[in-house]
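# A structural walkthrough
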Amino acid sequence: MGITERRQRQKEEVRTSILNAAWNLVEAEGWQQLSIRKIADAIEYSVPVIYVHFENKEAILLEFTKCGFRRLNEALLKASDKLAGPEAQIEAIAYAYWDFAFKNKEYYQLMYGLGMPGCETVNQAEELKAFTQIVLKPIKSLIKNSNNKETDAILKLHTFWSMLHGLISINMMSKDNTRDKMNAMVLKDFIKGFIYGIKG
């Protein structure tokens with residue numbers, strides 16, 4: 001292995017160490033408590049070493065956001081690809097999204113820590129663009145086969161995403177673990193109403 005390759009490998013190893021340390025801190029203290037200083041202390045490097053690899057804390061969070069959306073996209077595709085018909089696909093996507101959120105709380109909270117991702121985040125993360133296309137595909141198909149062909153697919157995407165995210169957020173903040181049956185009913189009612197609203 002040449003000097004250039006060795007340096008590149010060492011650089012990648014340090015970058016991986018930074019991300020691993022950051023993730024451990026997130027799991028232990030929550031992402032709001034994450035700082036460059038804490039990461040540097042955890043990997044026993046100076047703060048400037050972190051800045052060689054990441055411009056700031058937000059750049060580290062963006063990496064986690066991308067990773068989270070990659071995982072979410074895989075789950076959504078796995079759930080929807082095996083089904084025929086947009087109605088079944090939309091329902092499968094909603095349930096897979098719900099399951100992902102509660103099985104990956106730290107990722108989900110990082111992905112949506114400040115609410116819905118803005119246009120700047122979407123433009124920076126190919127994974128988020130891919131997510132929107134996964135959800136848009138069955139929505140567009142449902143609109144095409146509906147009595148409301150003039151329905152705005154982007155508007156419906158945001159409605160779907162906002163309602164699902166809102167329901168998940170309410171449940172993540174709640175300490176009441178006895179509402180599982182009610183939550184399932186609310187989720188089912190939302191999906192049914194969303195599909196009916198498009199079909200007309």
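## Brief notes about helix H1 (residues 3-29)
Its 27 residues give H1 an end-to-end C-alpha distance of 39 Å, which sits within 8% of 39 Å, the value for a rise of 1.5 Å per residue. Considered for burial, the residues of H1 that qualify are Val14, Ile18, Leu19, Ala21, Ala22, Trp23, Leu25 and Val26. Where H1 is buried, its residues contact helix H2 (36-43), helix H3 (47-53), helix H4 (57-80) and helix H6 (105-111). Remark: Gly30 follows H1 within two positions and exhibits a positive phi of approximately 95°.

## Some words on the packing of helix H5 (residues 86-103) against helix H10 (residues 180-199)
At a minimum axis distance of 11 Å, the contact between H5 and H10 shows a crossing angle of 145°. Considering only the axes of H5 and H10, their crossing is right-handed. Residues Glu87, Ile90, Glu91, Ala94, Tyr95 and Trp98 of H5 pack against Asn183, Leu187, Lys188, Ile191, Phe194, Ile195 and Lys199 of H10. Looking at the contact of H5 with H10 residue by residue, the class counts come to 8 nonpolar, 1 polar and 4 charged.

## A look at the nonpolar core
In terms of nonpolar packing, the biggest core is built from 62 residues, with Ile60, Tyr97, Phe131, Ile139 and Phe160 touching the most fellow members. For this core, the element with the most residues is H5, which contributes 9 residues. In this view, Phe160 contacts Ile90, Ile93, Ala94, Val135, Ile139, Phe190 and Phe194; residues no more than four positions away in its chain are not counted.

## What about the environment of Glu106?
Residue placement: Glu106 occurs in helix H6. The exposure class of Glu106 is partly exposed, given its relative accessible area of 30%. When the C-alpha atoms of Glu106 and Glu27 are compared, they prove to be 6.9 Å apart, with 79 residues separating the residues in sequence.

Each value, and the rule that gives it
- Residues numbered from 1 in each chain as written.
- Predicted model: local features only at pLDDT ≥ 70, side-chain atom pairs only at ≥ 80, totals over all residues.
- Heavy atoms only, no water.
- Helix = DSSP H or I, 4+ residues; strand = E, 2+ residues; numbered from the N terminus.
- Expected span 1.5 Å × (residues − 1).
- Buried < 20%, exposed > 50% of the residue type's maximum accessible area, 1.4 Å probe, protein only.
- Contact = heavy atoms within 4.5 Å.
- Axes fitted to C-alpha atoms, helices over the stretch in contact; angles between N-to-C directions.
- Left-handed = near helix turned anticlockwise from the far one by under 90°.
- Nonpolar A, V, L, I, M, F, W, Y, C, P; charged D, E, K, R; others polar.
- Core = buried A, V, L, I, M, F, W, Y, C linked by side-chain atoms within 4.5 Å.

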